[in-house]
Amino acid sequence: MSTIILGIESSCDETAAAVCKDGQIINNIIATQSIHESYGGVVPELASRAHQKNIIPVINEALDLADISMQEISAIAYTQGPGLLGALLVGSSFAKAAALALNIPLIPVNHMQAHVLAHFIEDPKPEFPFLCLTVSGGHTQIVKVTSYLEMEVIGQTKDDAVGEAFDKCAKLLGVGYPGGPKIDKLAQQGDPNKFPFPQSDIPDLDYSFSGIKTAFMYFLRDQQKKNQNFIEENINDLAASLQFTLIDMLFKKLKKATKKEKIKNIAIAGGVSANSGLRKHLQEEAKKYGWEVFIPKFEYCTDNAAMIATTGYYQFLEGKKGSLRDSPLPRMSFSS
Ligand code: KG4
Ligand code: ZN
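Note that the structure is a prediction, hence the values are computed from the model and not measured.

Asker: How should I be thinking about the coordination of the zinc ion (ligand 2) in this particular structure?
Answerer: Around a metal, the idealised angle for a tetrahedral arrangement of four donor atoms is 109.5 degrees; for an octahedral arrangement of six donor atoms it is 90 or 180 degrees. Around the zinc ion (ligand 2), the protein contributes the donor atoms His111 (NE2), His115 (NE2) and Asp303 (OD), at 2.0 to 2.2 Å from the metal centre. For the zinc ion (ligand 2), the donor residues sit on a single chain with the sequence spacing H-x3-H-x187-D. Placement of the pair is histidine 111 and histidine 115 together in helix α3 (residues 111–117), with a separation of 4 residues, close to one helical turn. Of the residues examined, histidine 115 reaches a relative accessible area of 1% and is grouped as buried.

Below, the structure is given as structure tokens:
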């Protein structure tokens, strides 16, 4: 008999469902919430309401496309956290109710662990151990991965996530939300060395991205005092220089981590890993340092349920199940 896992993701502003059959992803359905664009960022209450509206149609679509009935599902995997509490509650409540009604196991999944395991959705899959630079709107981590479910955060941001730095600086440039992809596009036409922005360096393998956001804001303010059209006239170079600085900061610590851990299998994950500059730089560094690199497909970088279903599958195989009594509060650590 096949093992069929329904994966549900609702941690932020994507309502997503995916079906995984014997470890293979059959489909990956995502409803993106465009309502947040006009606010320049995710509004938690609006996100929860949009999840409520989208969750049943998204799950029905995933099951219908896979030609699978609710009764055929072996277990339901859902994002337990981290994420927005009201948003998480929509996914977890559906998962718990369905698991109870169908009398099947419930599998709570850590969202950041799932971003790492997105590498096991399709070939080529990394060999253990590998390091994963997990970069999203809420997190920036260097993770040492020793098996499907054994992973350790060996470095992380002490304040803002790198995606937040992309989004907030994009807001200062007035290019809209989410800012990461907009900066990425503008940067392709710009000079990365035009404006050298300061980089903060904190001890060990940790990051700090709050300083660059402030430096960027004051730099724009000072330049605009001299020239009101400074942003419009330099938009591509500003985007390219900012992106260059953020990528450089990410790679300084990643290189330190590869030396410290003596690991040359390197993966990237999370929404910011969709950045074309970061992907290109990873390939260049791989050639220089003899790394073997793993870059997921775009659709598996940003939030999706295929990664939740895949993680749920590995947890299911190990007998790691949850219960209806599990807290709706996000799990902050993913050590198994
Ligand atoms: O993983 P994700 O979809 O959601 C979270 O778990 O946070 O990541 C969203 C983040 C946002 O900050 C968004 O601006 C950023 O990923 N992002 C990008 C790109 N595409 C998405 N940042 C830079 N370049 C991109 N192409
Ligand atoms: Zn994410």
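Continuing now.
Asker: It is not clear to me how the sheet that holds strand β6 (residues 130–135) should be interpreted in this structure. Could you clarify?
Answerer: Sheets are built from strands that pair by backbone hydrogen bonding, the pairs being arranged parallel or antiparallel. What the 5 strands build is an open sheet, ordered β8-β7-β6-β9-β10; its pairing is mixed. The open sheet has two free edges, formed respectively by β8 (151–156) and β10 (292–294), since each of these has just one partner strand. Sheet twist, expressed as the mean angle between neighbouring strand axes with direction ignored, is 25 degrees. Pairing analysis gives 4 bridges linking β6 to strand β9 (residues 265–269), with the strands arranged parallel. Bridge pairing links leucine 131 to isoleucine 266 in β9. Sheet strands in contact with helix α7 (residues 230–261) are β6, β7 (140–145), β8 and β9, and its direction is about 160 degrees off that of β6.

Asker: Would you mind showing me how to read the sheet that holds strand β4 (residues 75–81) here?
Answerer: Read across the sheet, 5 strands follow the order β3-β2-β1-β4-β5 without closing on themselves; strand pairing throughout is mixed. Either end of the sheet is taken by a strand with one partner, and the two such strands are β3 (24–32) and β5 (106–110). Sheet twist, expressed as the average angle between the axes of neighbouring strands with direction ignored, equals 20 degrees. Direction of pairing for β4 relative to β5: parallel, over a ladder of 5 bridges. Bridge pairing links alanine 77 to isoleucine 107 in β5. Most of the contacts of helix α2 (residues 85–102) go to β4, to which it runs at about 155 degrees, and overall it touches β1 (4–9), β4 and β5.

Asker: Sorry, what's going on with a negative patch on the surface here?
Answerer: A cluster of acidic side chains, namely Glu61, Asp64, Asp67 and Glu72, defines a negative patch on the protein surface. Structurally, aspartate 67 is set in the loop between α1 (44–66) and β4.

Asker: Just to check I follow, could you spell out the side chain of asparagine 110 for this structure?
Answerer: Among the structural elements, asparagine 110 can be located in strand β5. A polar atom in the side chain of asparagine 110 sits 2.8 Å from the backbone nitrogen of methionine 112. Separated by 3.0 Å, the side chain of asparagine 110 and the backbone nitrogen of glutamine 113 make a polar contact.

Asker: Explanation requested: the packing of aromatic side chains in the structure shown.
Answerer: Within a pair of aromatic rings, the relevant descriptors are the distance that separates the centres and the angle that separates the planes. Applying the stated criterion across every chain, the model contains 16 aromatic pairs. With centroids separated by 5.2 Å and ring planes inclined at 70 degrees, the aromatic side chains of phenylalanine 197 and phenylalanine 216 adopt a geometry described as edge-to-face. In this pair, phenylalanine 197 sits in the loop between α5 (179–187) and α6 (210–226) while phenylalanine 216 sits in helix α6, placing the two residues 19 residues apart along the sequence. By relative accessible area, phenylalanine 197 is classed as buried at 9%. Of the residues examined, phenylalanine 216 reaches a relative accessible area of 0% and is grouped as buried. An aromatic cluster is built from Phe120, Phe128, Phe130, Tyr148, Tyr313 and Tyr314, whose rings are joined through pairwise contacts. The ring of phenylalanine 298 carries the charged tip of arginine 279 above its face, separated from the ring centre by 4.2 Å.

Asker: Help me out: how do you make sense of the site of ligand 1 in this one?
Answerer: Taken together, 18 residues are adjacent to ligand 1, and Gly137, Asp167, Asp184, Gly271 and Asn275 come closest. Separating a nitrogen atom of ligand 1 from a side-chain N or O atom of aspartate 184 is a distance of 2.9 Å. Measuring from a nitrogen atom of ligand 1, one finds a side-chain N or O atom of asparagine 275 at 3.0 Å. Elements that contribute at least two residues to the shell around ligand 1 include exactly α3, α4 (162–173) and α5. It is α5 that contributes the most residues to the shell around ligand 1, 3 residues altogether. Residues belonging to the shell around ligand 1 are distributed by class as follows: 4 nonpolar, 11 polar and 3 charged. When residues are assigned to domains, the shell around ligand 1 turns out to be shared by domain 1 (4–116 + 300–317) and domain 2 (126–295), each giving three or more.

What counts and what doesn't
- Residues numbered from 1 in each chain as written.
- Chains lettered and ligands numbered in written order.
- Predicted model: local features only at pLDDT ≥ 70, side-chain atom pairs only at ≥ 80, totals over all residues.
- Heavy atoms only, no water.
- Donors = N, O, S within 2.8 Å, 3.2 Å for Na, K, Ca; no water.
- Helix = DSSP H or I, 4+ residues; strand = E, 2+ residues; numbered from the N terminus.
- Buried < 20%, exposed > 50% of the residue type's maximum accessible area, 1.4 Å probe, protein only.
- Pairing = 2+ DSSP bridges.
- Axes fitted to C-alpha atoms, helices over the stretch in contact; angles between N-to-C directions.
- Contact = heavy atoms within 4.5 Å.
- Patch = residues over 30% accessible without salt bridge, like charges linked within 9 Å, V, L, I, M, F, W, Y side chains within 5 Å.
- Areas by Shrake-Rupley, 256 points an atom, 1.4 Å probe, with all protein chains shown as cover.
- Salt bridge = Lys/Arg side-chain N within 4 Å of Asp/Glu carboxyl O.
- Lys, Arg positive; Asp, Glu negative; His and termini not counted.
- Charge placed at Lys NZ, Arg CZ, Asp CG, Glu CD.
- Polar contact = N/O pair within 3.5 Å; in protein donor to acceptor, adjacent residues only side chain to side chain.
- Phe/Tyr/Trp six-rings, centres within 6.5 Å; stacked < 30°, edge-to-face > 60°.
- Lys NZ or Arg CZ within 6 Å of the ring centre and 35° of its normal.
- Near = heavy atom within 4 Å.
- Nonpolar A, V, L, I, M, F, W, Y, C, P; charged D, E, K, R; others polar.
- Domains from an automatic or database assignment.

These figures come from the coordinates and say nothing about function on their own.
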